[in-house]
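Next come the chains, spelled out residue by residue.
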Amino acid sequence: MLGRTSCIVLLAWALQQPAQAATLGPVDANTTLWRLALAARPDEQVTMPQVIYALWQHNPAAFRDQNLHYLLKGAQLKVPSREQMLATPAEQAHQWYYGELAKQQLPTRLAAAQPAKSESVATAPESEAVVAVPQPIRPPAQPAKPVATTPRPAPSPAVTPAQAPQVASSTSRLQQELGFEQRFFASRGLAAAERSQQLLSYRALWSYEDASRKHQLNLEPYLRWHRADSDSNLVDLQQAYWRYIGDGWEFKAGIDTLFWGVTESQHLVDVLNQSDLVAGVELEAKLGQPMLQLRRSGNAGTLDLFVLPYFRERLFPSPQGRLSPPLPVNHDLAWYESSSGKHNLDFALRYSQRFAGLDLGLSFFSGNNREPVLVPTANAELRPLYYQMEQYGLDLSWVQGDWLWKLESIYRRSGPFDYVAATGGFEYTRVGVFGQSWDLGWIAEYQYDSRGKAATLPGQNDLFFGWRLALNDIAGTEFLFGVLQDLDQRQSRSIKLEGALRLTDSLRLSLNGWLFQSNNPQDALFWLRRDDYLALQLTYFF
C-alpha cells in the first residue's frame, strides 16, 4: 500500500510540471551526432540508425546543407517520438546510414571545419560554426544489442529532412517478414529429443496515423510453428493499440511490447511483458501485454503509468522442443496467489530523466510475478505457481567518452522470496581496430542476488565478460561473444555467440549459439547441459 501511495504522489507531482518538447543541445565542439542519438534513444527496441535518421529527418536546420556529417554549432535538436523513430524500418535505416558513411570517410575523432556560407537558421547563431561529426556504426560505449525490431516502411529516398515533417495527410503502412530458423544441437536431449529442429515464423505490422498526427493505430500479429514441438507453437499479438498524442502527454490503450533495462547480460527491471522462453534462453523475446498507458513528458522528466488488466502465462517448450525444464510444465495446474488469477489488476510506474550523459530510470511494479515457481507433482509434471510481487527498480547508464557504465538493481517481494539483486558493469569501445574501420567493444558485468544458491535463475554471484565486434560494412555485420561464469562453482558457466548481417536489401542472416556447462543438479544450468546448440535464421522482409 505504501508503494502505491508513493507512486500516486509522484504521478500527481509530475502532472503539475510544465510539459515541453524534449530537446538536445546546444551543439558544441565536443558534440557528436551519435552521442545525441544515445541521449534520444528511448529503448533498445529502437536501433541507433533509426534514432539518427529521425533526428536528421526532423531537424533539417541543425545540419549544414542537410549533410549528416556536419552539425551546426549552437543548434538545438528536437527529440522525435519513439513512433517517429520506428516509422523507418530497421533494415532500411541501416542501409541509409551505411550509405551516408560511405559517402564521406571522416576521422574517428572530432574535427573542426570551416564556417559554412549557408542560409541562416533559427537554431544556430548568425555567425554559425560547423562541427564535423564522425559516425562509426558502433561508436564509443554504445551497447547495441541485437533485438527483434519489426521493420516499417521508410520514406522515399527522394524525401529530404525538410520535406518529411511537412506531411499533411493520413498515412498507413504495412510491413511483413518471414523467418526460417534451423537449430543444430550437439547431442540428443534428456528426453531423446532430436538434434535438428526447424521453426517457421511470420510477422506483420500495420500502422496508421491520421493527418493531425495525434491518433495512431498499430497492429502486429506474430505466428510461430515448431516442427518437433506443438507446445512451442504460438499465435500472438505483439501490438494492437490506439494511441493519442497530446501536448506533453500521451495515452495508449490495447496490447504492446515494451522493454526496460540497460545491461547486456540480464534485465532485472524488465517486468511488464511475459517472456517467451521458446524464442531463446536469454529471455529477451516477449509476449504482447494488454495495457492502458498514460505518459507525461516535460522538463522534470518522463513519467509512465501502466494499468495491466490481464496476465500472460510464461510459455515453456516441452522436453521434445529442447531448451526446456526436465519435466513438462502443465499450465492447466497453474496456481495464483491472487484470487483474481489472470485477471488480477497489475500496476506499474516508471520515471525517467536525462542529465547530460546520465540516463536515470526509477520503476515500481505490483501484480502477478512474471516468473513462476515450478513445483514437481506426483505425475512427473511441473506446476507453475504465480505469486504476487512488488518490485522497486533502478536503472542507470552513463556515457563518458569511450566508456558506458550501466547498472540495474531491484528490491523484490514475492511469495517466499524477499531479496535484492543487481547487475552492473561497463562497455568500453575502441574505434578503428586492426587498422580497419571495425569497432571492438569490451563488456564486463557483475551479477548479484541476495538469495544466493536459492536463486531461481543464474546470476547470484556471477561475472559476465564479452566482446562486441562491428565491421561497419554495408551489410551491417556484427558479432557478440560472451561468457557468464559462476564465481561460486568453477564448473558452471554459459557461453553465447550472436551475429547478424544483411545479405540483400530484403534478406538478413542471423546466428545464435549457446554452450552450457554444469555438474551440480542444484544449478539452474544443469537441466540445459545437453542443449548446446547453434541456430541460423534467415529473415525475408517484404
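Residues numbered from 1 in each chain as written. Predicted model: local features only at pLDDT ≥ 70, side-chain atom pairs only at ≥ 80, totals over all residues. Heavy atoms only, no water.

### Re the overall build of the protein
Line of reasoning, step 1. A tally of helices and strands in the protein yields five helices and 26 strands.
Line of reasoning, step 2. Total accessible area on the protein is roughly 23400 Å²; 58% of this is exposed by carbon and sulfur atoms. (Helix = DSSP H or I, 4+ residues; strand = E, 2+ residues; numbered from the N terminus. Areas by Shrake-Rupley, 256 points an atom, 1.4 Å probe, with all protein chains shown as cover.)

### Focus: the pattern of salt bridges
Line of reasoning, step 1. Inspection of the entire model under this criterion finds 24 salt bridges.
Line of reasoning, step 2. Between Glu-498 and Lys-496 there is a salt bridge, with the nearest N and O atoms lying 3.7 Å from each other. With respect to class, Glu-498 is no different from Lys-496; both count as buried.
Line of reasoning, step 3. Among the ionic contacts, a cluster of salt bridges with common partners joins Glu-264, Lys-406, Glu-427, Glu-445, Arg-468, Lys-496 and Glu-498. (Salt bridge = Lys/Arg side-chain N within 4 Å of Asp/Glu carboxyl O. Buried < 20%, exposed > 50% of the residue type's maximum accessible area, 1.4 Å probe, protein only.)

### Considerations on the sheet that holds strand 17 (residues 382–386)
Line of reasoning, step 1. An order of 13-17-16 is seen for the three strands of this open sheet, with the pairing classed as mixed. The sheet terminates laterally at strand 13 (335–336) and strand 16 (373–376), the two strands that pair on one side only.
Line of reasoning, step 2. Pairing analysis gives four bridges linking strand 16 to strand 17, with the strands arranged antiparallel. For Val-373, the partnering residue across the bridge sits in strand 17 and is Leu-385. (Pairing = 2+ DSSP bridges.)

### Let's talk about the environment of Gly-74
Line of reasoning, step 1. Positionally, Gly-74 belongs in the loop between strand 2 (70–72) and strand 3 (77–78).
Line of reasoning, step 2. In this structure Gly-74 comes out as partly exposed when scored by relative accessible area, which is 22%.
Line of reasoning, step 3. Along the chain, Gly-74 and Val-27 lie 47 residues apart, while their C-alpha atoms are 4.8 Å from each other.

### What about helix 2 (residues 33–40)?
Line of reasoning, step 1. Burial runs high along helix 2: seven of the eight residues are buried.
Line of reasoning, step 2. Every buried residue of helix 2 is listed here: Leu-33, Trp-34, Leu-36, Ala-37, Leu-38, Ala-39 and Ala-40.

### Side note on the packing of helix 2 against helix 3 (residues 48–58)
Relative orientation and spacing of two packed helices are given, respectively, by the angle between their axes and the distance between those axes.
Line of reasoning, step 1. Two elements in contact, helix 2 and helix 3, have axes whose closest approach is 9 Å; the angle formed by their N-to-C orientations is 105°. On the basis of the axis angle, helix 2 is roughly perpendicular to helix 3. Only Met-48, Val-51, Ile-52 and Leu-55 of helix 3 make contact with helix 2, whose side of the interface consists of Leu-33, Trp-34, Leu-36, Ala-37, Leu-38 and Ala-40.
Line of reasoning, step 2. Residues that form the contact of helix 2 with helix 3 fall into these classes: ten nonpolar, no polar and no charged. (Axes fitted to C-alpha atoms, helices over the stretch in contact; angles between N-to-C directions. Parallel < 35°, antiparallel > 145°, perpendicular 65-115°, else oblique. Contact = heavy atoms within 4.5 Å. Nonpolar A, V, L, I, M, F, W, Y, C, P; charged D, E, K, R; others polar.)

### What to know about the side chain of Ser-338
Line of reasoning, step 1. For Ser-338, the position within the fold is in the loop between strand 13 and strand 14 (346–355).
Line of reasoning, step 2. Here the side chain of Ser-338 touches Ser-340 through a polar contact of 3.1 Å, landing on its backbone nitrogen.
Line of reasoning, step 3. For Ser-338, the residues in contact, after removing those within four places along its chain, are Asn-344, Asn-368 and Gln-388. (Polar contact = N/O pair within 3.5 Å; in protein donor to acceptor, adjacent residues only side chain to side chain.)

### What about unusual backbone geometry?
Line of reasoning, step 1. Unusually for a residue other than glycine, Arg-322 sits at a positive phi of about 65°.
Line of reasoning, step 2. Following the sequence through the fold, Arg-322 ends up in the loop between strand 12 (301–308) and strand 13.

### Here's the deal with the side chain of Arg-314
Line of reasoning, step 1. Structurally, Arg-314 is set in the loop between strand 12 and strand 13.
Line of reasoning, step 2. Although Arg-314 lies buried, it forms no salt bridge, and the closest oppositely charged side chain, Glu-371, sits 5.6 Å away as judged by the N-O distance.
Line of reasoning, step 3. For Arg-314, the side chain forms a polar contact with the side chain of Gln-274, separated by 3.1 Å.
Line of reasoning, step 4. Setting aside anything within four residues of it in sequence, one finds Arg-314 in contact with Gln-274, Ser-275, Leu-283, His-331, Arg-370, Glu-371, Pro-372 and Tyr-386. (Lys, Arg positive; Asp, Glu negative; His and termini not counted.)

### Examining the confidence of the model for the protein
Predicted coordinates in areas of low pLDDT are best not read in detail.
Line of reasoning, step 1. For the protein, the average pLDDT comes to 83, and 83% of its residues sit at 70 or higher.
Line of reasoning, step 2. Throughout residues 105–130 the model reports pLDDT below 50, and contacts reaching past four residues in sequence, or to other chains, amount to 49 contacts.
Line of reasoning, step 3. Under a pLDDT of 50 for its full length, residues 132–167 has, in the predicted model, 134 contacts with residues more than four places off or in other chains. (pLDDT = per-residue confidence, 0-100.)

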